[in-house]
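Each chain, letter by letter, is given below.
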Amino acid sequence: MSVITQPTDLLRQQDPQMADVLAGEAQRQAVTLQMSAAENFTSPAVLTALGSPLANKYAEGYPGARHHGGCEYADLAERVAVERARALFGVEHANVQPHSGSSAVLAAYAALLRPGDTVLAMGLPYGGHLTHGSPTNISGRWFDFVGYGVDAATGLIDYEQVQRLARAHRPKAIVCGSISYPRHPEYSAFREIADEVGAYLIADAAHPIGLVAGGAAPSPVPYADLVCATTHKVLRGPRGGMVLCGAEFAERVDRAVFPFTQGGAQMHTIAAKAVAFGEAAGPAFTTYAHRVVANARALAQALADRGFGVTTGGTDTHLISADPVALGVDGPTARGRLAAAGIVLDTCALPYGDQRGIRLGTAAVTTQGMGEPQMVRIAELFTAALREGAAAGTRTEVAELTAGFPPYGA
């Protein structure tokens, strides 16, 4: 494993307890399957930027208008990140300061809405995010959310229902995006509905934005007023967020991020975002993004062949949502047994029922170099892991598989 993923000699001498923690995490990632749809392996270059001296710099404000001195290199780093994001996504303005995807969505609401405004978004039981109106989140407390769902038979978004709800409630904004919907939203349909009722259109593209960068998914940029996204997941950057928009919304977005919802920018993270945007602009990333989708489709089919109920019958993205009930377990039980076998993933809501399924993705294993034959093998490991008492033997097989695909080299 690359030295960059291991504690330095200095850290081990100064803080052996934390050095052990970091070494343990590096080992965990190396010998288990990282199947969470929200996770990936960043490049060593991204990790280098995260550990750079820019971590020391306080830089409230924006390039050329900071509240602190000594920001000449911080300004340069942010300008590079912004210009690379604009070029990568073909957008007029990019704010790269949000600390997370949730921060980006909150900033979008702050830019366009006022407390009490009505917002139409995917309901949480159908794959909506906490920021799409959960009563435990600021979104659900500040705004009046109405949830749309999916067709009970196909699991696909019911655009006629979206239109009916929009006409009935006249929302100030419509949000398209999900944390567990494996198909591409029809951004043009959302745009038509938003225009009909005079609503803003906000695309929460946290999951597909990396596929958009690699040309493996349609872009929401031509249709949405604001696009919110994360810079990790398929994009393979540091954990963080961004907001993309046209020039007409640039000032409102910037004010909503700072000073309304955030303080000082995390300059080391912004530098790492710039590195990731640069990597995503190359042909190797385009190949990677398409392989992610090919792997997800192969894995979805292999799981379906083994009895898993794959929602919508497959996937267009890196993401798979599935019901393991036919194998005798529910989602939380499946997650626990898979974790014991060294397979890390999440649970998710399943449409039209109070049960939970499993949510998984192929971004990380594709970064490791795995292909469609390995997806079939992973499906076999899933099935073996769900047999009660089989965790120990399956974990050994998982470790044997991952040994051939180390995330950071031998």
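Notes on the structure in this doc start here. (Residues numbered from 1 in each chain as written. Predicted model: local features only at pLDDT ≥ 70, side-chain atom pairs only at ≥ 80, totals over all residues. Heavy atoms only, no water.)

**Notes on a nonpolar patch on the surface**
Put simply, the rule is: Each patch is built from salt-bridge-free residues with over 30% relative accessible area, joining like charges within 9 Å and nonpolar side chains (Val, Leu, Ile, Met, Phe, Trp, Tyr) within 5 Å. Computed with a 1.4 Å probe, the accessible areas rest on the Shrake-Rupley method; for each residue, only the protein chains presented here act as cover. For this document, the term salt bridge refers to a Lys or Arg side-chain nitrogen within 4 Å of an Asp or Glu carboxyl oxygen. Under the scheme used here, helices are H or I runs from DSSP no shorter than 4 residues and strands are E runs no shorter than 2 residues, and both carry numbers assigned from the N terminus. A 1.4 Å probe rolled over the protein chains alone gives each residue an accessible area, and that area as a share of the maximum for its type sets the label: buried under 20%, exposed over 50%, partly exposed in between.
Together, Met18, Val21 and Leu22 give the surface a local cluster of nonpolar side chains, amounting to about 240 Å² of exposed area. Among the secondary structure elements, leucine 22 is positioned in helix α2 (residues 16-31). For leucine 22, a relative accessible area of 39% puts it in the partly exposed group.

**Brief notes about unusual backbone geometry**
With an omega of 15°, the peptide bond between phenylalanine 258 and proline 259 qualifies as cis. Mapped onto the elements, proline 259 comes out in helix α10 (residues 247-261). Even without being glycine, arginine 170 reaches a positive phi, approximately 45°. As for its placement among the helices and strands, arginine 170 is situated in the loop between α7 (159-169) and β7 (173-176). Owing to a relative accessible area of 49%, arginine 170 belongs among the partly exposed residues under this scheme. The backbone phi angle of arginine 236 is positive, close to 65°, even though this residue is not glycine. Structurally, arginine 236 can be placed in the loop between β9 (226-230) and β10 (241-245).

**A look at the packing of aromatic side chains**
What characterises a pair of aromatic rings is the spacing of the ring centres plus the angle enclosed by the ring planes. Definition in use: In this scheme Phe, Tyr and Trp rings, the latter by its six-membered ring, pair at centre separations within 6.5 Å, and the angle between planes marks the pair as stacked below 30 degrees, edge-to-face above 60, and tilted otherwise. Either the NZ atom of lysine or the CZ atom of arginine qualifies as a charge over a ring when it sits within 6 Å of the ring centre and within 35 degrees of the ring normal.
Within the structure shown, the criterion is met by ten aromatic pairs. Pairing phenylalanine 41 with tyrosine 408 gives two aromatic rings, centres 6.1 Å apart and planes at 80°, and the pair type is edge-to-face. Residue phenylalanine 41 is located in the loop between β1 (33-34) and α3 (44-50), and its partner tyrosine 408 is located in the segment after α16 (391-403); the two are separated by 367 residues in the primary sequence. Note on tryptophan 142 and phenylalanine 143: the rings are 6.5 Å apart at their centroids and 75° apart in plane angle, and the pair reads as edge-to-face. Under the relative-accessibility criterion, tryptophan 142 is labelled partly exposed at 38%. Joined through ring pairs, the aromatic side chains of Tyr109, Trp142, Phe143 and Phe145 make up one cluster. When the ring centre of tyrosine 288 is taken as origin, the NZ or CZ atom of arginine 236, which lies over that ring, is 3.8 Å away.

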